[in-house]
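Commentary on secondary and tertiary structure
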Amino acid sequence: MSVEKFDIFNTIKDSISNIDPVYWIEKNLTLDGKPFRLNGNGYKPFADIFRYIGIKALEKDSKPVVIDKGRQVGASTMAAALEMYFVASGLFGTVGRPPIRIMHCFPQLELAYAYTKTKLNSIISGANPAPNQKKGIGKLKSIIEAKLDKSIIAADSLHFKQFEGGNHIWIDSAGLTADRLRGRTVDIFFGDEIQDFKSSALGNATKILSKAQYGRVGDGVQVYFGTPKQSGSSFWKMWKDSDQRYYYLGCENCKQHFPLYTPKSNEWEKIWLYGFIVRCTQCGWEQDKRQAAERGKWVSLNPDQNTRFIGYHINQLYMPMFTREDIEN
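Residues numbered from 1 in each chain as written. Predicted model: local features only at pLDDT ≥ 70, side-chain atom pairs only at ≥ 80, totals over all residues. Heavy atoms only, no water.

**Comments concerning the confidence of the model for the chain**
Scored by pLDDT, the chain comes out at a mean of 90, with 92% of its residues at no less than 70. Overall, residues 1-13 carries pLDDT values under 50, and its contacts beyond four positions in sequence, including any with other chains, amount to one contact. (pLDDT = per-residue confidence, 0-100. Contact = heavy atoms within 4.5 Å.)

This is the structure we're talking about:
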(Lines give C-alpha, C1' and ligand atoms only; values in the text may rest on other atoms or scores of the structure.)
Protein backbone atom coordinates (compact mmCIF):
# COMPACT_ATOMS: atom_id res chain seq x y z
CA MET A 1 0.00 0.00 0.00
CA SER A 2 1.41 3.40 -0.97
CA VAL A 3 2.02 6.09 1.66
CA GLU A 4 -0.70 8.26 0.08
CA LYS A 5 -3.31 5.48 0.21
CA PHE A 6 -2.25 4.61 3.76
CA ASP A 7 -2.79 8.23 4.87
CA ILE A 8 -6.23 8.29 3.23
CA PHE A 9 -7.12 5.01 4.97
CA ASN A 10 -6.03 6.37 8.36
CA THR A 11 -8.00 9.58 7.81
CA ILE A 12 -11.17 7.64 7.01
CA LYS A 13 -10.57 5.29 9.93
CA ASP A 14 -10.12 8.20 12.36
CA SER A 15 -13.22 9.97 11.04
CA ILE A 16 -15.36 6.88 11.60
CA SER A 17 -13.77 6.05 14.96
CA ASN A 18 -14.30 9.60 16.26
CA ILE A 19 -17.99 8.77 16.45
CA ASP A 20 -17.06 6.57 19.43
CA PRO A 21 -16.47 8.90 22.41
CA VAL A 22 -14.20 6.36 24.11
CA TYR A 23 -11.91 6.17 21.07
CA TRP A 24 -11.80 9.97 20.76
CA ILE A 25 -11.09 10.48 24.46
CA GLU A 26 -8.30 7.90 24.52
CA LYS A 27 -6.74 9.41 21.40
CA ASN A 28 -6.86 13.05 22.48
CA LEU A 29 -7.08 13.44 26.25
CA THR A 30 -4.78 12.79 29.17
CA LEU A 31 -5.53 12.30 32.86
CA ASP A 32 -3.07 13.55 35.46
CA GLY A 33 -0.38 13.71 32.77
CA LYS A 34 -0.92 10.12 31.65
CA PRO A 35 -2.90 8.69 28.71
CA PHE A 36 -6.65 8.58 29.36
CA ARG A 37 -7.41 4.86 29.15
CA LEU A 38 -10.82 3.16 29.29
CA ASN A 39 -10.22 -0.03 27.29
CA GLY A 40 -8.74 -3.30 28.52
CA ASN A 41 -8.01 -2.18 32.07
CA GLY A 42 -11.19 -2.84 34.05
CA TYR A 43 -12.89 0.45 33.19
CA LYS A 44 -15.54 -1.09 30.92
CA PRO A 45 -18.40 -0.18 33.32
CA PHE A 46 -17.40 3.47 32.86
CA ALA A 47 -16.71 3.13 29.12
CA ASP A 48 -20.26 1.82 28.62
CA ILE A 49 -21.67 4.93 30.33
CA PHE A 50 -19.45 7.18 28.18
CA ARG A 51 -20.82 5.54 25.05
CA TYR A 52 -24.44 5.70 26.16
CA ILE A 53 -24.27 9.43 26.93
CA GLY A 54 -22.10 10.24 23.90
CA ILE A 55 -24.22 8.34 21.36
CA LYS A 56 -27.58 6.94 22.51
CA ALA A 57 -28.59 9.91 24.68
CA LEU A 58 -28.49 12.18 21.60
CA GLU A 59 -31.28 10.26 19.89
CA LYS A 60 -34.86 11.52 19.72
CA ASP A 61 -36.26 8.61 21.74
CA SER A 62 -33.70 8.86 24.54
CA LYS A 63 -34.47 9.18 28.24
CA PRO A 64 -32.68 11.29 30.87
CA VAL A 65 -29.72 9.55 32.51
CA VAL A 66 -29.33 9.41 36.28
CA ILE A 67 -26.05 8.19 37.78
CA ASP A 68 -26.27 7.09 41.41
CA LYS A 69 -22.62 7.30 42.40
CA GLY A 70 -20.39 6.80 45.39
CA ARG A 71 -17.74 9.32 46.34
CA GLN A 72 -14.49 9.59 44.39
CA VAL A 73 -15.50 7.52 41.37
CA GLY A 74 -14.45 10.09 38.77
CA ALA A 75 -17.90 11.39 37.77
CA SER A 76 -16.65 14.98 37.31
CA THR A 77 -13.77 13.72 35.16
CA MET A 78 -16.27 11.72 33.11
CA ALA A 79 -18.40 14.82 32.59
CA ALA A 80 -15.39 16.96 31.56
CA ALA A 81 -14.15 14.35 29.07
CA LEU A 82 -17.60 13.94 27.51
CA GLU A 83 -18.05 17.70 27.27
CA MET A 84 -14.76 18.01 25.39
CA TYR A 85 -15.86 15.21 23.05
CA PHE A 86 -19.06 17.10 22.26
CA VAL A 87 -17.47 20.52 21.66
CA ALA A 88 -14.08 19.58 20.16
CA SER A 89 -14.46 16.28 18.26
CA GLY A 90 -15.54 18.01 15.04
CA LEU A 91 -18.77 16.02 14.90
CA PHE A 92 -21.00 18.93 15.83
CA GLY A 93 -21.39 22.41 14.36
CA THR A 94 -20.08 21.17 11.03
CA VAL A 95 -21.11 19.19 7.93
CA GLY A 96 -24.72 20.26 8.25
CA ARG A 97 -25.03 19.27 11.93
CA PRO A 98 -26.08 22.02 14.35
CA PRO A 99 -23.66 23.12 17.06
CA ILE A 100 -23.98 21.50 20.45
CA ARG A 101 -24.63 23.69 23.49
CA ILE A 102 -23.99 22.42 27.01
CA MET A 103 -24.92 23.55 30.51
CA HIS A 104 -22.98 21.97 33.36
CA CYS A 105 -24.96 23.06 36.37
CA PHE A 106 -24.22 22.86 40.10
CA PRO A 107 -26.38 23.75 43.09
CA GLN A 108 -23.92 26.44 44.28
CA LEU A 109 -21.67 28.82 42.38
CA GLU A 110 -18.52 27.89 44.32
CA LEU A 111 -18.85 24.31 43.07
CA ALA A 112 -19.02 25.60 39.49
CA TYR A 113 -15.82 27.62 40.02
CA ALA A 114 -14.04 24.62 41.55
CA TYR A 115 -15.07 22.33 38.69
CA THR A 116 -13.77 24.71 36.02
CA LYS A 117 -10.48 25.33 37.78
CA THR A 118 -9.65 21.79 38.90
CA LYS A 119 -11.31 19.55 36.30
CA LEU A 120 -12.33 21.27 33.08
CA ASN A 121 -9.31 23.56 32.61
CA SER A 122 -6.88 20.74 33.33
CA ILE A 123 -8.61 18.49 30.77
CA ILE A 124 -8.40 21.32 28.20
CA SER A 125 -4.76 22.28 28.78
CA GLY A 126 -3.60 18.70 29.38
CA ALA A 127 -4.93 17.29 26.11
CA ASN A 128 -2.46 16.04 23.52
CA PRO A 129 -0.74 18.77 21.43
CA ALA A 130 -2.55 20.06 18.38
CA PRO A 131 -0.92 18.93 15.12
CA ASN A 132 1.07 21.14 12.73
CA GLN A 133 2.60 23.40 15.37
CA LYS A 134 6.12 24.74 15.15
CA LYS A 135 8.18 23.79 18.15
CA GLY A 136 10.14 26.48 19.90
CA ILE A 137 7.71 29.27 19.02
CA GLY A 138 5.69 29.95 22.15
CA LYS A 139 3.75 27.40 24.20
CA LEU A 140 2.33 24.48 22.25
CA LYS A 141 -1.45 24.46 22.30
CA SER A 142 -3.38 21.33 23.19
CA ILE A 143 -5.80 19.96 20.62
CA ILE A 144 -8.66 21.37 22.72
CA GLU A 145 -7.08 24.83 23.18
CA ALA A 146 -6.60 25.05 19.42
CA LYS A 147 -10.37 24.69 18.95
CA LEU A 148 -11.36 27.47 21.33
CA ASP A 149 -12.95 30.35 19.44
CA LYS A 150 -10.59 33.22 20.23
CA SER A 151 -12.79 35.73 18.39
CA ILE A 152 -15.04 35.75 21.44
CA ILE A 153 -13.48 37.43 24.46
CA ALA A 154 -15.54 35.43 26.93
CA ALA A 155 -14.34 32.15 25.45
CA ASP A 156 -11.75 31.63 28.16
CA SER A 157 -13.84 32.62 31.18
CA LEU A 158 -14.70 30.39 34.13
CA HIS A 159 -18.39 30.36 33.20
CA PHE A 160 -18.39 30.11 29.42
CA LYS A 161 -16.19 28.58 26.73
CA GLN A 162 -16.87 28.90 23.02
CA PHE A 163 -15.42 26.52 20.45
CA GLU A 164 -15.24 26.33 16.68
CA GLY A 165 -18.53 25.71 14.92
CA GLY A 166 -20.58 27.48 17.57
CA ASN A 167 -20.21 24.65 20.09
CA HIS A 168 -20.08 26.01 23.62
CA ILE A 169 -20.35 25.14 27.29
CA TRP A 170 -21.72 27.04 30.27
CA ILE A 171 -20.55 26.19 33.80
CA ASP A 172 -22.98 27.73 36.25
CA SER A 173 -25.21 27.20 39.27
CA ALA A 174 -28.94 26.92 39.81
CA GLY A 175 -29.07 28.49 43.26
CA LEU A 176 -32.49 28.54 44.90
CA THR A 177 -34.63 29.25 41.83
CA ALA A 178 -32.42 28.91 38.69
CA ASP A 179 -33.48 32.41 37.63
CA ARG A 180 -29.90 33.15 36.60
CA LEU A 181 -30.17 30.54 33.82
CA ARG A 182 -33.18 32.07 32.10
CA GLY A 183 -32.81 33.18 28.50
CA ARG A 184 -30.23 30.56 27.55
CA THR A 185 -30.79 27.70 25.15
CA VAL A 186 -28.85 24.44 25.42
CA ASP A 187 -28.99 20.90 24.07
CA ILE A 188 -27.34 19.04 26.95
CA PHE A 189 -27.86 19.57 30.67
CA PHE A 190 -25.38 18.03 33.13
CA GLY A 191 -26.78 18.32 36.67
CA ASP A 192 -23.91 17.77 39.12
CA GLU A 193 -24.31 17.09 42.86
CA ILE A 194 -27.98 16.79 42.01
CA GLN A 195 -28.89 15.63 45.52
CA ASP A 196 -28.39 19.23 46.70
CA PHE A 197 -30.64 20.89 44.08
CA LYS A 198 -33.90 22.44 45.14
CA SER A 199 -36.80 20.79 43.29
CA SER A 200 -38.11 24.14 42.06
CA ALA A 201 -34.65 25.16 40.83
CA LEU A 202 -34.23 21.94 38.86
CA GLY A 203 -37.62 22.34 37.22
CA ASN A 204 -36.77 25.88 36.14
CA ALA A 205 -33.23 24.96 35.05
CA THR A 206 -34.30 22.27 32.59
CA LYS A 207 -36.61 24.70 30.77
CA ILE A 208 -33.53 25.90 28.89
CA LEU A 209 -33.72 22.59 26.98
CA SER A 210 -37.08 23.38 25.37
CA LYS A 211 -35.47 24.16 21.99
CA ALA A 212 -32.72 21.55 22.15
CA GLN A 213 -31.62 20.14 18.79
CA TYR A 214 -30.32 16.87 20.25
CA GLY A 215 -32.04 14.31 22.45
CA ARG A 216 -35.78 14.09 23.03
CA VAL A 217 -37.79 16.94 21.53
CA GLY A 218 -38.49 19.56 24.18
CA ASP A 219 -36.32 17.80 26.76
CA GLY A 220 -32.89 17.58 25.12
CA VAL A 221 -30.16 15.48 26.73
CA GLN A 222 -30.26 15.33 30.52
CA VAL A 223 -27.56 13.70 32.67
CA TYR A 224 -27.71 13.80 36.46
CA PHE A 225 -24.84 12.86 38.82
CA GLY A 226 -25.49 12.51 42.51
CA THR A 227 -25.05 10.69 45.79
CA PRO A 228 -28.43 10.20 47.52
CA LYS A 229 -28.46 11.44 51.09
CA GLN A 230 -31.80 10.05 52.21
CA SER A 231 -34.83 8.16 50.96
CA GLY A 232 -37.70 10.33 49.83
CA SER A 233 -35.44 13.06 48.40
CA SER A 234 -35.90 14.33 44.84
CA PHE A 235 -32.80 12.47 43.66
CA TRP A 236 -33.91 9.29 45.43
CA LYS A 237 -37.23 9.53 43.54
CA MET A 238 -35.38 9.97 40.25
CA TRP A 239 -33.37 6.83 40.93
CA LYS A 240 -36.51 4.87 41.88
CA ASP A 241 -38.08 5.95 38.58
CA SER A 242 -35.12 4.62 36.57
CA ASP A 243 -34.35 1.15 35.22
CA GLN A 244 -31.67 0.84 37.97
CA ARG A 245 -28.74 -0.74 36.18
CA TYR A 246 -26.05 -2.52 38.19
CA TYR A 247 -22.86 -3.90 36.68
CA TYR A 248 -22.37 -7.67 36.52
CA LEU A 249 -18.95 -9.26 36.04
CA GLY A 250 -18.37 -11.85 33.32
CA CYS A 251 -16.98 -15.23 34.36
CA GLU A 252 -13.96 -16.51 32.45
CA ASN A 253 -14.96 -20.14 33.06
CA CYS A 254 -18.74 -20.56 32.78
CA LYS A 255 -19.33 -17.43 30.65
CA GLN A 256 -22.22 -16.39 32.92
CA HIS A 257 -22.59 -13.00 34.60
CA PHE A 258 -22.65 -12.36 38.35
CA PRO A 259 -22.99 -9.23 40.49
CA LEU A 260 -20.11 -7.81 42.49
CA TYR A 261 -22.41 -5.42 44.33
CA THR A 262 -26.05 -6.01 45.23
CA PRO A 263 -28.05 -3.14 46.77
CA LYS A 264 -28.58 -3.33 50.54
CA SER A 265 -26.32 -6.36 50.78
CA ASN A 266 -22.78 -7.22 51.89
CA GLU A 267 -22.56 -10.25 49.58
CA TRP A 268 -19.60 -8.61 47.83
CA GLU A 269 -17.47 -9.57 50.84
CA LYS A 270 -17.98 -13.25 49.94
CA ILE A 271 -17.45 -12.68 46.22
CA TRP A 272 -14.35 -10.48 46.41
CA LEU A 273 -11.84 -12.75 48.14
CA TYR A 274 -8.60 -10.72 48.32
CA GLY A 275 -6.47 -8.41 46.21
CA PHE A 276 -8.12 -8.34 42.77
CA ILE A 277 -9.49 -11.89 42.99
CA VAL A 278 -13.24 -12.53 42.83
CA ARG A 279 -15.20 -15.79 42.85
CA CYS A 280 -18.02 -16.43 40.36
CA THR A 281 -21.31 -17.05 42.15
CA GLN A 282 -22.39 -19.41 39.36
CA CYS A 283 -19.48 -21.87 39.16
CA GLY A 284 -17.02 -20.80 41.89
CA TRP A 285 -14.22 -19.92 39.45
CA GLU A 286 -11.67 -17.49 40.88
CA GLN A 287 -10.41 -14.74 38.57
CA ASP A 288 -9.10 -11.19 38.32
CA LYS A 289 -11.84 -8.62 38.96
CA ARG A 290 -10.47 -6.25 36.32
CA GLN A 291 -10.58 -8.89 33.60
CA ALA A 292 -14.03 -10.01 34.75
CA ALA A 293 -15.19 -6.39 34.43
CA GLU A 294 -14.03 -6.35 30.80
CA ARG A 295 -16.32 -9.34 30.17
CA GLY A 296 -19.20 -7.82 32.09
CA LYS A 297 -22.43 -6.01 31.28
CA TRP A 298 -25.02 -3.69 32.82
CA VAL A 299 -28.13 -5.44 34.13
CA SER A 300 -31.38 -3.62 34.89
CA LEU A 301 -33.02 -4.53 38.20
CA ASN A 302 -36.12 -2.51 37.29
CA PRO A 303 -36.75 -3.28 33.60
CA ASP A 304 -40.13 -1.53 33.51
CA GLN A 305 -40.59 0.04 30.07
CA ASN A 306 -42.42 3.00 31.64
CA THR A 307 -39.55 4.25 33.80
CA ARG A 308 -38.63 7.89 33.11
CA PHE A 309 -34.85 7.53 33.50
CA ILE A 310 -31.93 5.33 32.47
CA GLY A 311 -30.14 4.64 35.75
CA TYR A 312 -26.54 3.58 36.44
CA HIS A 313 -25.24 2.72 39.89
CA ILE A 314 -21.49 2.99 40.31
CA ASN A 315 -19.34 2.85 43.44
CA GLN A 316 -15.74 2.38 44.52
CA LEU A 317 -15.96 -1.42 44.33
CA TYR A 318 -15.68 -1.09 40.55
CA MET A 319 -12.65 1.20 40.50
CA PRO A 320 -9.91 -0.93 38.88
CA MET A 321 -7.04 0.50 40.93
CA PHE A 322 -8.46 -0.63 44.28
CA THR A 323 -7.77 -4.00 45.87
CA ARG A 324 -10.17 -5.43 48.45
CA GLU A 325 -7.72 -4.36 51.14
CA ASP A 326 -7.84 -0.78 49.82
CA ILE A 327 -11.64 -0.78 50.08
CA GLU A 328 -11.58 -2.13 53.63
CA ASN A 329 -9.04 0.47 54.68
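**So, the packing of helix α3 (residues 44-54) against helix α4 (residues 75-88)**
One can describe the packing of α3 onto α4 by two numbers: an axis separation of 11 Å at closest approach and a directional angle of 40°. Looking at the two axes, α3 sits oblique to α4. Of the two elements, α3 crosses α4, and the hand of that crossing is right-handed. When α3 is examined against α4, the residues Phe-46, Ile-49, Phe-50, Ile-53 and Gly-54 are found in contact with a partner set consisting of Met-78, Ala-81, Leu-82, Tyr-85 and Phe-86. Of the residues contributing to the contact of α3 with α4, the split by class is nine nonpolar, one polar and no charged. (Axes fitted to C-alpha atoms, helices over the stretch in contact; angles between N-to-C directions. Helix = DSSP H or I, 4+ residues; strand = E, 2+ residues; numbered from the N terminus. Parallel < 35°, antiparallel > 145°, perpendicular 65-115°, else oblique. Left-handed = near helix turned anticlockwise from the far one by under 90°. Nonpolar A, V, L, I, M, F, W, Y, C, P; charged D, E, K, R; others polar.)

**Let's talk about the pattern of salt bridges**
In total, this model carries 15 salt bridges according to the counting rule given. Salt-bridge contacts for Asp-241 lead to Arg-308; the nearest nitrogen and oxygen are separated by 3.8 Å. Note that Asp-241 is positioned in the loop between α7 (234-240) and β9 (245-250) and Arg-308 in the loop between β14 (297-300) and β15 (310-314), a separation of 67 residues in sequence. Using a relative accessible area of 23% as the deciding quantity, one classes Asp-241 as partly exposed. The exposure class of Arg-308 is exposed, given its relative accessible area of 52%. Between Arg-324 and Glu-328 there is a salt bridge, and its shortest N-O distance comes to 2.8 Å. Note that Arg-324 and Glu-328 are positioned in helix α10 (residues 324-328) at a spacing of four residues, about one turn of the helix. According to the relative accessible area criterion, Glu-328 is partly exposed, its value standing at 48%. (Salt bridge = Lys/Arg side-chain N within 4 Å of Asp/Glu carboxyl O. Buried < 20%, exposed > 50% of the residue type's maximum accessible area, 1.4 Å probe, protein only.)

**A few points about α3**
In terms of residue burial, α3 counts as a mostly covered element, since nine of its eleven residues are buried. Among the residues of α3, Pro-45, Phe-46, Ala-47, Asp-48, Ile-49, Phe-50, Tyr-52, Ile-53 and Gly-54 are the ones counted as buried.

**What to know about the sheet that holds strand β11 (residues 272-274)**
In sheet architecture, strand pairing relies on hydrogen bonds along the backbone and comes in two forms, parallel and antiparallel. Strands sit in the order β11-β12-β13 across an open sheet of three strands; the sheet is antiparallel. Each having just a single partner strand, β11 and β13 (286-288) make up the two edges of the open sheet. With strand direction ignored, the average angle separating the axes of adjacent strands in the sheet is 40°. As paired elements, β11 and strand β12 (residues 277-279) share two bridges and run antiparallel to each other. The residue bridging Tyr-274 from the neighbouring strand is Ile-277, located in β12. (Pairing = 2+ DSSP bridges.)

**Focus on the nonpolar core**
Of all hydrophobic cores here, the largest spans 94 residues; its most connected members are Phe-50, Ile-67, Phe-86, Ile-144 and Phe-190. For this core, the element with the highest residue contribution is α4, accounting for eleven residues. (Core = buried A, V, L, I, M, F, W, Y, C linked by side-chain atoms within 4.5 Å.)

**Describing the packing of aromatic side chains**
Per the stated rule, a full pass over the model turns up 19 aromatic pairs. When the centroid spacing of 6.2 Å and the interplanar angle of 55° are considered together, the rings of Phe-189 and Tyr-224 count as tilted. Remark: Tyr-224 occurs in strand β8 (residues 221-226) and Phe-189 occurs in strand β7 (residues 188-191); sequence separation between them is 35 residues. The burial state of Phe-189 is the same as that of Tyr-224; both residues are buried. Taken together, a centroid distance of 6.0 Å and an interplanar angle of 85° make the contact between Trp-239 and Tyr-246 edge-to-face. Since its relative accessible area comes to 6%, Tyr-246 is described here as buried. An aromatic cluster is present here, built from Trp-24, Tyr-85, Phe-86, Phe-92 and Tyr-214 joined pairwise through their rings. Of note, Arg-184 hangs over the ring of Trp-170, and the distance from its end group to the ring centre comes to 4.2 Å. (Phe/Tyr/Trp six-rings, centres within 6.5 Å; stacked < 30°, edge-to-face > 60°. Lys NZ or Arg CZ within 6 Å of the ring centre and 35° of its normal.)

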